[in-house]
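Here is what each chain is made of, one letter per residue.
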Amino acid sequence: MTDAKAQTIGAMDALIAKYVDAQGGLMRALIALNDAYGYIDASALPRLATAFNITKAEVKGVISFYDDFARAPKGEHVLRLCQAEACQAVGSRELTAHACKKADVEMGETRADGRITIEPVYCLGLCANGPAAMVDGKLRARVSEADIDALLQAWEHEA
């Protein structure tokens, strides 16, 4: 094991330990890990299971239930597009296909250069104003293909 890997594991263990006796400790530890590393690495699952005296399957179930817990590193920019029925009714599937094609990335993945991640999300609470999106954590309503084009162009021209 490299020194860097050992330091990361040590830091991960220390972070988890802070929440072991806290109410809602598992959720708090998951949030802290996600915030610290940008995602929850698979190597954290057995460490969390041991610390909270639960199975790895239970830890994985909690992580997979909440969309905000990333399971892999995300791109510099994250575009989340609503896939719920109200947004589908006003074109979110077509908008999603357009965004993926223009960004050259598959839904739920990060582009090879690490710049852009496009993710599905199931309801952003803007049902009357769809299609809805979350762009780098900020909500957007009535998103059009032109909006997607402008957004992607801006991201491509960043320094």
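Bear in mind that the values here come from a model prediction, so they are computed numbers and not experimental data.

**A word on the confidence of the model for the protein chain**
- Overall, the predicted model of the protein chain reaches an average pLDDT of 93, with 95% of residues at or above 70.
- In the model of the protein chain, helix α1 (residues 3-17) stands out as the element of lowest mean pLDDT, 77, in contrast to helix α6 (residues 92-103), which has the highest, 98.

**What to know about the nonpolar core**
- Formed by 18 residues in total, the largest nonpolar core has its most connected members in Leu30, Leu33, Ile40, Leu48, Phe52 and Ile63.
- Put simply, the parts of the chain that give this core at least two residues each are α1, α2 (25-37), α3 (44-52) and α4 (56-65).
- Among the nonpolar cores identified, the runner-up in size contains 16 residues, and Leu81, Ala133, Val143 and Leu151 belong to it.

**Comments concerning the packing of aromatic side chains**
- Summed over all chains, the structure comprises 2 aromatic pairs.
- Relative to Tyr66, the ring of Phe65 has its centre 4.9 Å away and its plane inclined at 85°; by these criteria the two rings are edge-to-face.
- Overall, Phe65 belongs to the exposed group, its relative accessible area being 61%.
- Ring centres of Tyr66 and Phe69 lie 5.9 Å apart, and the angle between their planes is 75°; on these two criteria the pair is classed as edge-to-face.
- The partly exposed category is assigned to Tyr66, whose relative accessible area is 38%.

**What about the sheet that holds strand β2 (residues 109-110)?**
- Overall, mixed pairing links the 5 strands, which are arranged β2-β3-β1-β4-β5 in an open sheet. Since the sheet does not close on itself, it has two edges, and those belong to β2 and β5 (138-140), each with one partner.
- Pairing of strand β1 (residues 77-82) with strand β4 (residues 133-135), which is carried by 3 bridges, proceeds in the antiparallel orientation. Paired with Arg80 across the two strands is Met134, which belongs to β4.

The rules we used
Residue positions are counted from 1 within each chain, in the order its sequence is given. Whole-chain, interface and lining totals are the exception, using all residues; otherwise, since this is a predicted model, local features are given only for residues with pLDDT of at least 70 and side-chain atom pairs are given and counted only at 80 or more. No hydrogens and no water enter the side-chain calculation; it runs on all heavy atoms of the structure. A residue's pLDDT is the predictor's confidence in that residue, given on a scale from 0 to 100. Only DSSP runs of H or I covering at least 4 residues are called helices, and only runs of E covering at least 2 are called strands; the numbering of each starts at the N terminus. We call a set of buried Ala, Val, Leu, Ile, Met, Phe, Trp, Tyr and Cys residues a nonpolar core when their side-chain atoms join them within 4.5 Å. We call a residue buried when its accessible area falls under 20% of the maximum for its residue type, exposed when it is over 50%, and partly exposed in between, using a 1.4 Å probe and counting protein chains only. For Phe, Tyr and Trp, rings pair up if their centres lie within 6.5 Å, where Trp contributes its six-membered ring, and each pair is then called stacked (planes under 30 degrees apart), edge-to-face (over 60) or tilted (otherwise). Whether two strands pair depends on DSSP finding at least two bridges between them.

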